[in-house]
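The primary structure of each chain is shown beneath.
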Amino acid sequence: MHRKFVVQLFAEEWSQYIDLPKGFLVSERCKVRLVPLQIQMTTLGNLTPSSTVFFCCDMQERFRPAIKYFGDIISVGQRLLQGARLLGIPVIVTEQYPKGLGSTVQEIDLTGAKLVLPKTKFSMVLPEVEAALAEIPGVRSVVLFGVETHVCIQQTALELIGRGLEVHIVADATSSRSMMDRMFIQRQLVILFDHGDYSF
């Protein structure tokens, strides 16, 4: 069952469903649902500019003092975006609740980005993002980076995989508030990609 469905719990504080980790026990009444996965796991292939999109997730000013190695991930993220511009790769950028958390940091040059939009959920897979992806012919791969690794990056990766896309997460361009969260989820994502197990 774990390879065919993701089990999700409705989180009242976020007003949305979130994935339950593998082995999670429910001890009180709650709302859960099974979300069928739409594809079987495929082996990651080589990136080709014509079939690739870059996703830059929530690289915002208010995260600067809280995120481990934020300066380093900004630097790597900026190089990724420079490469995307040189190769003509579309870039999609999200900002988590920018009214409260600010815009994307100034060091990240968003010149030429296909889409920059606010969000109030974890995943970057918003209706506007899905519409933008549908406008790009032959998209097969997403290069994903930003913050936070164990929440928004994880949720975005799972949703994109469920839609049949290859997801390449740039480890040195993603981070979290704690090193434990960062390292734990990177390890879980490696296991996910190696074994085709969609549940954590």
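Cut-offs applied
- Residues numbered from 1 in each chain as written.
- Predicted model: local features only at pLDDT ≥ 70, side-chain atom pairs only at ≥ 80, totals over all residues.
- Heavy atoms only, no water.
- Helix = DSSP H or I, 4+ residues; strand = E, 2+ residues; numbered from the N terminus.
- Buried < 20%, exposed > 50% of the residue type's maximum accessible area, 1.4 Å probe, protein only.
- Contact = heavy atoms within 4.5 Å.
- Areas by Shrake-Rupley, 256 points an atom, 1.4 Å probe, with all protein chains shown as cover.
- Pairing = 2+ DSSP bridges.
- Right-handed = clockwise from strand over helix to strand, strands pointing away.
- Salt bridge = Lys/Arg side-chain N within 4 Å of Asp/Glu carboxyl O.
- Axes fitted to C-alpha atoms, helices over the stretch in contact; angles between N-to-C directions.
- Patch = residues over 30% accessible without salt bridge, like charges linked within 9 Å, V, L, I, M, F, W, Y side chains within 5 Å.

*Asks:* With reference to specific residues and values, describe the overall build of the protein.
*Replies:* Scanning the protein from terminus to terminus reveals 5 helices and 8 strands. By the burial criterion, 47% of the 200 residues in the protein qualify as buried. Sequence-distant contacts in the protein: of pairs separated by 6 or more residues, those separated by 24 or more amount to 73%. A total accessible area of about 10,500 Å² is found for the protein, and carbon and sulfur atoms account for 56% of it.

*Asks:* Account for the pairing of strand β8 (residues 166-175), with residues named and values stated.
*Replies:* Most of β8 sits out of view: 7 of its 10 residues are buried. The pairing of strand β7 (residues 141-147) with β8 spans 6 bridges and is classified as parallel. Across the sheet, the residue bridging to S141 is E166, located in β8. At this point the chain moves from β7, through helix α4 (residues 149-162), to the parallel β8, and the crossover so formed is right-handed.

*Asks:* Hey, could you go over the pattern of salt bridges for me, with residue numbers and the actual values?
*Replies:* Inspection of every chain in the model, using the stated rule, returns 9 salt bridges. A salt bridge links R163 to E159, with the shortest nitrogen-to-oxygen separation between them at 3.4 Å. Here R163 falls in the partly exposed class, since its relative accessible area comes to 36%.

*Asks:* Tell me about the sheet that holds strand β5 (residues 91-96), residues and numbers included.
*Replies:* In spatial order, the strands read β6-β5-β4-β7-β8; together these 5 strands make up an open sheet with parallel pairing. If you trace the sheet from one side to the other, it starts and ends with β6 (115-119) and β8, each paired once. Pairwise comparison of adjacent strand axes, ignoring direction, gives a mean angle of 20° for this sheet. Here helix α1 (residues 70-87) sits on the sheet in contact with β4 (52-57), β5, β7 and β8, set at roughly 140° to β8. Against the sheet, α4 contacts β4, β5, β6, β7 and β8, and its axis sits at roughly 165° relative to β7.

*Asks:* Any details on a nonpolar patch on the surface? Residues and values, ideally.
*Replies:* A contiguous nonpolar surface patch, about 250 Å² in accessible area, is contributed by F24, V26 and V32. Tracing the backbone shows V32 in strand β3 (residues 32-36). V32 gets classed as partly exposed once you look at its relative accessible area, which sits at 44%.

*Asks:* How would you explain the environment of V93 if you had to name every residue and give the values?
*Replies:* Mapped onto the fold, V93 is located in strand β5. Setting aside residues no more than four positions away along its own chain, V93 makes contact with C56, T104, L110, A113, L115, V116, L117 and M124.

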